Structure formats: structure tokens, C-alpha cells
Amino acid sequence: MNFLRKTLDKYKPLFEKGAKYEKFAPAFNGIDTLMFVPNHTTHKGAHIRDAVDLKRIMITVVLALVPTMLFGVWNIGYQNMGEGHTFMELFGYGAIRFFPMLAVSYGVGLGLEFLFAILRGHEVNEGYLVTGMLIPLIMPIDLPLWMLAVAVVFAVVIGKEAFGGTGMNILNPALVARAFAFFAYAPNMSGDKVWVADSAIDGVSGETVLGTLAANNPINSSVFDMFMGYIPGSVGETSVLMILIGLALLLFTGVANWRIVLSSVMGAAVMGLIFNALALNSLMTFPWWQHLLVGGFAFGMVFMATDPVSASQTNKGKWIYGFLIGFLAIMIRVFNGAYPEGVMMAILLMNVFAPTIDHYVIAANIKRRKKRLEKIKIA
Amino acid sequence: MSKDIRIKKGLDIKLKGKATENVVTVPSSGIFSIRPTDFHGVVPKLTVKVGDKVMAGDTLFYSKQNEAIKFSSPVSGEVLEITRGEKRKVLSIEIQASKDQSSKDFGKTLPTKTTREEVLEKLLSSGCWAFINQRPYDTLANPSDTPKAIFVSSFDTNPLAIDYGYALKERKEDFQTGIDVLNKLTKTVHLSLDANTSSFFDSIDNVELHKVTGIHPAGNVGIQISEIDPINQGEKVWTVNPQDVVTIGALFNTGNYNATRTVALVGSGVLSPSYIKVTSGQSIGSIVSGKLTDVENRIIEGSVLNGRVLLNDSYIGQQTNTISVIPEGREHRFMGWMPFVANGNHSASRTSFSWLFSKKEYEPNTNMNGEERAMVVTGDMEKVMPLDIYPMQLLKAILAGDIEKMENLGIYEVAPEDFSLIDYTSSSKVEAQDIIRQGLDIMIKEVG
């Protein structure tokens, strides 16, 4: 490591103030601080600081996504080739399909992040480490790479940098990418031919569970398959088991807020039970608890609704925010005629309302303070 | 009447280098120094010039904003130098101490037998007024105000902080007199006690006692005020540190301004941490010489969470109680951001296993452990903020300069030290204390 440190230190002066490549300092620092925690000491405020930083938080989320990603890669192969193949064959097939998507997502996204950091003269933020991994996991595997690249550009530029960068965005950037692709390239984002790799060419039926239900057809996946994730769908969304492993890490580390996860499940359960009572079509009769296992519900609640930047910031707000996401996700899923899934829309919608929820939660605190003042004025 | 207070939100940080219970004496430093910049917002007007002879208690300068507020010399001797900075701003006044110390006599008086005006006059003329702080705004108190209450916290829960019960155990009489003095200035004096230990503070009269349990910042007077009698818009309360109550008491008992104090010299940079008898304005070199480890250390006046840096050739201030010494942290750490790897570095976040070992005594250095970023993680500030306040929203309102929002969100109830744990735990490395100070200064300027 000494060699690496020495090399970095050797080139550092080139990027210092007044030096030749001063403008590119954010890019150099981005790489430097990824390799080494900087030698900066405190200069105001508390003299000692907690060992945690934003990099550690973001990397924890990336780690939590790894089980889901690995399973997703295997499942790409399994959905295309079916039984009778070795694990490595299936995984290898999936890897060839998936890792180019991941490379495009990180390459385009991080490239833009560095560019904006240089243009604005601020440090590179770590937010995209997570976003870059989320984007390919919520896309159908057959999405052409150039569409993915355009969606990433839209998400980073319009979804994030237009608002001021990481921490300032209103919507979850990964979902912005998905929503953009969904509306711009609808044929590649929905239907029964996109969820299994090459299904259009091979003529394999690749309908999702929700798609089958929406068409009033009987589903042929067992509950076990749905839980384990042996079903078609976006790359990362299918395995509830793997998502739960990720959730366990996020809750253990406290990185994801348990209030959002719990309340969103409660919201979905309430909506699901209402539909079960009405039971007007296949989507409504689908047992409420099975709604939690299929589609993007589990992935969305664990990895996207919990994004602290776009969620409600107050603890009370988080309860309301999570509950409504779960509630709306199932409602949109059942009522949306064109596309039988509502998780993306529900989260984006609540992203927009999160500041409003916080406003009312904080208003209660302000009111308490004002009441105290009035009491004293009377006395 | 005694109310019990329990603080659940916060964080105790256990560090290596707690002071053992013995008091060490150190030789006097020859030169003493007073820094007007220690008193936030005070513009000094000098009353002495180089070569003047002064006694302990003689006025060195007064506040331009309020000429009644005077600041005194801690020792007798000769004014050696007056250091000025930009725009001739007075940075410090150095005094060469004389061999035989003499103090100005302000006269012995029983506070119970004096009027409020006489008490005020004595505090102001002796320079002891500088020990009385005001909230809101965390500044010096204004003698023309009558505060709704005065708060004294008898214990400090900051990491490695001084134990007042031990340091002041022989000064109970002076402390009681000091409390009687404060009673002349307001209706109620609140004294809060650490419910888990007993000390002479338990038997102090003429105060409303409050037993406090819980984790840091349980000892901070800010959280105690909010639990006992929160500050509303337009109200003022005063706070005085226990050691300063003793100095005020001694002024009335002996007639002299006695600037000697007992401080705790603590931290992993100190070879054998202990209590030390010092005089305000004494050079730090004379206090720590031969007592520190052989690495690059940072000397901090106050706690590691909210003290200020003392350079090696500088002098301690008038309100010092703890001197913390910890190593500087100028090392790069390879991939030090990996979760669950460097568990020897304390973290309140569960992305490191160190939270499982909260009893271990940690040895942190001054490394930032990361770089400043936009505020991303939510809910973490609330975990260490026992005040009924939304800390992140208040910080953002200050950064935006939105005065109405700051008022609404409770700027009058906070002081920078109340945000020191947020400085510490923030994963975005937010300089919360600095932002709060800015916010308070905006309020002083715009609202007053």
C-alpha cells in the first residue's frame, strides 16, 4: 500500500491550487479518497469524529445488494435455459448478459458525476455508488445498452444534478432512470417478451406473475418459487429471500430505516386485504401476502423507499410515508390497466409528497413551542 | 422541591486518559495572558498600557458595548505586551507576574445582607461578571437584565470531563456563598446533580435541586434547562459553571478576586492524567511540560467534543476546567471506509462492530475520518439530540439564513455545545456547532 500512497502523493501537487491541473482536483481527490481515508484533521467543532463516513454508509448498501445481484445473474440464465444445466453454465450466461449493463451504468453515471464535480468544483459524492448498482437491477434484462445509457444520463442530470447533486434530489435517481426508460421506451420495458433474456427470439413465454394475473390467466409459479425468486422479472427484484438477507444487513447496521420498511408492509397488507374482500378480478383475489412476494415490492421497499434523501426526514413522517407507499403500490398495481405494477409509481409519488409530510410533522413541533409561549404570556 | 430528569438520547464516549483523583501543583509561569477573544462578541476597550503595574482584580479592559462589564487581571505584576491583530484588534494582554502577589480588596460582604445593586456592582467591578453566561445566544450576560432563572450544572458528562465534586470538594463554603450571590440576581437558582454519585452539591441550600440520570449530554446545562423550564422567545436565563460559582463565592467571602482553579489534565496524550492547580492565564507550557507523550499532540481547552485548540506557546483561558490532550491524526488509512474492518476506531454507527464494545476505552485522534458531504442520512442527528428540536431542519434553516424558520425551530433554546455530538456522529461530517454559532450571531444581529 505504501507504493500506492507514494504514487498518489507524487501526483498530488499537480492538482493543488494554482497548479497545472487544478481544475481536475475533484477527480483526483475522488480516486485518492476512495483508496485512502484522507489525512485531514478536524479544524473546528468537535476535535474527534466518528469513524463512519458517507462512503462507509454507501458501501454498506452496495454490500446489501450483492446477494440479490448474484442471484439475479443466476436467474437470468435459469429463466432462459431452464433445468438441466450446471450452476456455472447458468451463472455464466447471466454474467455475460448482466455485467455489461452494470458496466454501462457505472461507466456513464460515474463519468457524469466526475464531470459535474469538476465543473462545479466540489468533491465527488458517493451517492452514485448505490444508484449505479440499483439501475441495472430494476431493468428488464433485454433492455438495449444504449437505452440504459440514456436513462442513466437522464437520471443523473435531470434527476439529481439539476437539483444540486447528492442529498438535494427530490426523487430517487434510480427510479427516475426506470421511469424515464418506461415512458420513453415502453415496448422494451413492459409486456411478456422482455423479462427473460432473448425470449422474443427464442419464443419462450416470459410473462411475470403480475402480468399473468392481469390477463386473468392462472399462474403457474408456486409460492416457494416466488419467495426464492425462480420467476421472470427485473434482474434484482425476484428473490425475496436474497432481498431479506440484504434487509438484514441494512437493519443491523441501521442504514435503512426500519420504520419505512415495516410501515410499507403494513400499508400493502391493508390495501391487499381490502382487495381480497372485494375480489372482483384475479389481481384482487390474489392473496394479500403473496402480493408482497411478487413484482418489485420487496426490492422497492427495502432498497428504494428507504433512500434517506428522497424519503421523509422525520421519524413520524417515515411511518406515514412508508405506509402510503405500500398502500399505493398495491392499489396502482391492481388498477393500472396498461402495466400491472405500481411500486415505482408509488415510491416516486411519495418522494414528491415526502417534504409535505415533513412539513406537517414539524409544524406540530413549532405549534408546541408557540403554545408554550402563549401560556406564559397569559400568566 | 426536587424533580428527576432522565436523558435517554445521546452518547457516552469512553476514552482513555481519565484523571486520577490526586491534585498536582505546577510552578507558576512567570508570564500570564488574557485573551479578550475568549468572550464571544465582546469588543475590548483597554484601560492599561504596556508598563502599567496591576494587582490581581485590577481592570485590564472593559466591553465597548457595555462599559460596566470589566475584565480583570488574574495576577499582580506589570503589563508586558499587548498583542494586536488585523485592524488593531486586541488579541491578548500579557502580564509579567511579580514575585509577591497582591490582590485588590473589594471588601468582604455577606450576600444575604446586601442589595441586588451592591451585588451587581461588586461582580462587575471585580471582573467576575465575565463568568455569567446568557441563553439564548450563548454570550455574556447583560447586567441590566433580570433573568427568569439561573442554572448551574454540578456535573459534566463530556468525555473525560472534570469531576466537580472532587475538584471543588474543599470549596463548599465558597460555592454556597456563590449560590447566595446568584440568588440576589434572580428568583430561582436551579442546581442539577448527577443522580448516580453523591457529593457536597447534594447539601447546598437556597437552590432548586434536580437529579439527572442518563447519558451525555445529561450534564449539559442546555438539556437541563429544556427539561426544567425551557426558554421561550423573549426570555433570558443565565448559566454559571460550578467552578466559577466558587470564584464568585470567594470574592464575597475574602474580598479578593482569586483566579486559581483546579483543572483536569486528561486524554491519551497525557502520561499520567490528574488534577492540577492552575491560575487563569497561565502558560500551557508550564502546565503540561514533561507530562505528555512523545507524539504530535493537540492540546484542547475543554472537552474533545467542544473545546478549543491551545497552541504550545499559548495560555489557558479564564473559564478552563478540563484540558484534553489527544494525538493528531495525520495518517492516511488504506480503504479505511470499509464497514466492519477498523473496529478499533470508535463509531456510534453500527457499520462498525465498535458499538458492541461501548465499555472499551478508545484512543481517538483528530482525524476527520472522511470528508464533508451534503446531509444524506436522516434520523441520526435525532438519536443524539435530547432537546425537543429537529436538528437537521434547524441547521438547514441557519444555512439558508431564514430567521423566521430558525425562531420556529427553536434557535433560542440551543447553544453550540448542544450540537457537539452531531459534529461527532454525523456521517456527512457536518460542522454543526459552527453552523449553530453562525445562526446565533445572525439572531443577535437581526433580532438582538
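Further up the page is the structure itself.
Just so it is clear, the structure is predicted and the values come from calculations on it, not from any experiment. (Residues numbered from 1 in each chain as written. Chains lettered and ligands numbered in written order. Predicted model: local features only at pLDDT ≥ 70, side-chain atom pairs only at ≥ 80, totals over all residues. Heavy atoms only, no water.)

*Asks:* So what exactly am I meant to see when it comes to the overall build of chain A here?
*Replies:* Scanning chain A for helices and strands turns up 18 helices and one strand. Taken over the C-alpha atoms alone, chain A extends approximately 70 × 65 × 35 Å along its principal axes. Here the analysis covers contacts within chain A between residues at least 6 apart in sequence; of these, 71% occur between residues at least 24 apart. When the accessible area of chain A is evaluated, it comes to approximately 15800 Å², of which 70% is carbon and sulfur surface. Here chain A holds 28 positive side-chain charges and 23 negative ones, and the gap between their average locations is 17 Å. (Helix = DSSP H or I, 4+ residues; strand = E, 2+ residues; numbered from the N terminus. Contact = heavy atoms within 4.5 Å. Areas by Shrake-Rupley, 256 points an atom, 1.4 Å probe, with all protein chains shown as cover. Lys, Arg positive; Asp, Glu negative; His and termini not counted. Charge placed at Lys NZ, Arg CZ, Asp CG, Glu CD.)

*Asks:* Teacher, can you tell me more about the packing of aromatic side chains here?
*Replies:* The geometry of an aromatic ring pair is captured by the separation of the ring centres together with the interplanar angle, meaning the angle of the planes. If you walk through the whole model with that rule in mind, you get 33 aromatic pairs over all chains. With 5.9 Å between their ring centres and 80° between their planes, Phe175(B) and Phe200(B) make a pair best called edge-to-face. With a gap of 25 residues between them, Phe175(B) in helix α3 (residues 172-185) and Phe200(B) in the loop between β13 (189-194) and β14 (208-214) connect regions that are remote in the sequence. A relative accessible area of 0% places Phe175(B) in the buried class. Phe200(B) gets classed as buried once you look at its relative accessible area, which sits at 12%. Taken together, the aromatic side chains of Phe71(A), Trp74(A), Tyr78(A), Phe224(A) and Tyr230(A) make up a single cluster linked through ring pairs. Note that Arg5(A) overlies the ring of Phe36(A), its terminal NZ or CZ placed 4.7 Å from the centroid. Above the plane of the ring of Phe252(B) lies Lys122(B), whose end atom (NZ or CZ) is 4.7 Å from the centre. (Phe/Tyr/Trp six-rings, centres within 6.5 Å; stacked < 30°, edge-to-face > 60°. Buried < 20%, exposed > 50% of the residue type's maximum accessible area, 1.4 Å probe, protein only. Lys NZ or Arg CZ within 6 Å of the ring centre and 35° of its normal.)

*Asks:* I would appreciate a short explanation of the sheet that holds strand β5 (residues 53-54) of chain B in the present structure.
*Replies:* Sheets are built from strands that pair by backbone hydrogen bonding, the pairs being arranged parallel or antiparallel. All names here are of chain B. One open sheet accounts for four strands, arranged β3-β9-β8-β5; its pairing is antiparallel. A strand with exactly one partner marks an edge of an open sheet, and here the two such strands are β3 (31-34) and β5. Two strands pair when backbone bridges link them, and strand β8 (residues 77-84) and strand β9 (residues 90-97) are joined in this way by seven bridges, in the antiparallel orientation. Looking at the pairing, Thr83 lines up with Ser92 of β9. (Pairing = 2+ DSSP bridges.)

*Asks:* When you look at the pattern of salt bridges in this model, what are you seeing that I'm missing?
*Replies:* Opposite charge on two side chains allows them to pair when their charged atoms are near. For the coordinates displayed, the defined rule picks out 34 salt bridges over all chains. One salt bridge in this structure joins Arg373(B) and Glu126(A), with 2.9 Å as the shortest N-O distance. Of the two residues, Arg373(B) is situated in the loop between β21 (333-334) and α7 (380-383) and Glu126(A) in the loop between α4 (87-120) and α5 (127-137); the pairing between them involves two chains. Of the two residues, Arg373(B) and Glu126(A), neither departs from the other in class, the shared state being buried. For Arg330(B), the salt bridge goes to Glu296(B), with nearest N and O atoms at 2.9 Å. (Salt bridge = Lys/Arg side-chain N within 4 Å of Asp/Glu carboxyl O.)

*Asks:* Sorry if this is basic, but what is going on with a positive patch on the surface here?
*Replies:* All names here are of chain B. Among the surface-exposed residues, Lys45, Lys64, Arg84 and Arg88 lie close enough to one another that they form a single positively charged patch. By the secondary structure assignment, Arg84 is in strand β8. Take Arg84: its relative accessible area is 36%, and that puts it in the partly exposed class. (Patch = residues over 30% accessible without salt bridge, like charges linked within 9 Å, V, L, I, M, F, W, Y side chains within 5 Å.)

*Asks:* Explain the pairing of β9(B) to me, please; I cannot follow it from the model alone.
*Replies:* Residues and elements named next belong to chain B. Among the eight residues that make up β9, six are buried, leaving the element largely enclosed by the rest of the structure. Where β3 meets β9, four bridges bridge the pair, whose relative direction is antiparallel. Directly across from Phe32, in β9, lies its bridge partner Ile95. The turn linking β8 back onto β9 is made up of five residues, and Lys87 within it adopts a positive phi angle of 55°.

*Asks:* Help me out: how do you make sense of the side chain of Thr247(B) in this one?
*Replies:* All names here are of chain B. Here Thr247 shows up in helix α5 (residues 242-254). When its relative accessible area of 3% is taken as the criterion, Thr247 is described as buried. The contacts of Thr247, once residues within four sequence positions are left out, are Cys128, Phe131, Tyr257, Asn258 and Arg261.

*Asks:* Would you mind going over the interface of chain A and chain B with me for this structure?
*Replies:* Accessible area lost upon the coming together of the parts is a frequently used measure of interface size. Contacts between the two partners involve 62 residues from chain A and, on the opposite side, 76 residues from chain B. Taking both partners together, chain A and chain B bury about 6200 Å²; carbon and sulfur atoms supply 56% of that area. Contact with chain B buries area across many residues of chain A, yet His47(A), Ile48(A) and Arg49(A) alone supply 14% of it, more than any other trio. Taken together, the links from chain A to chain B amount to six salt bridges. Across the pair Glu413(B) and Arg369(A) runs a salt bridge, and its minimum N-O distance is 2.8 Å. Inspection of the region where chain A meets chain B yields 41 residue pairs in polar contact (both at pLDDT 80 or more). Elements supplying a minimum of two residues to the side of chain A that touches chain B: α1 (2-11), α2 (25-35), β1 (36-37), α3 (54-81), α12 (240-253) and α18 (343-378) of chain A. (Buried area = accessible area lost by both parts, 1.4 Å probe. Polar contact = N/O pair within 3.5 Å; in protein donor to acceptor, adjacent residues only side chain to side chain.)

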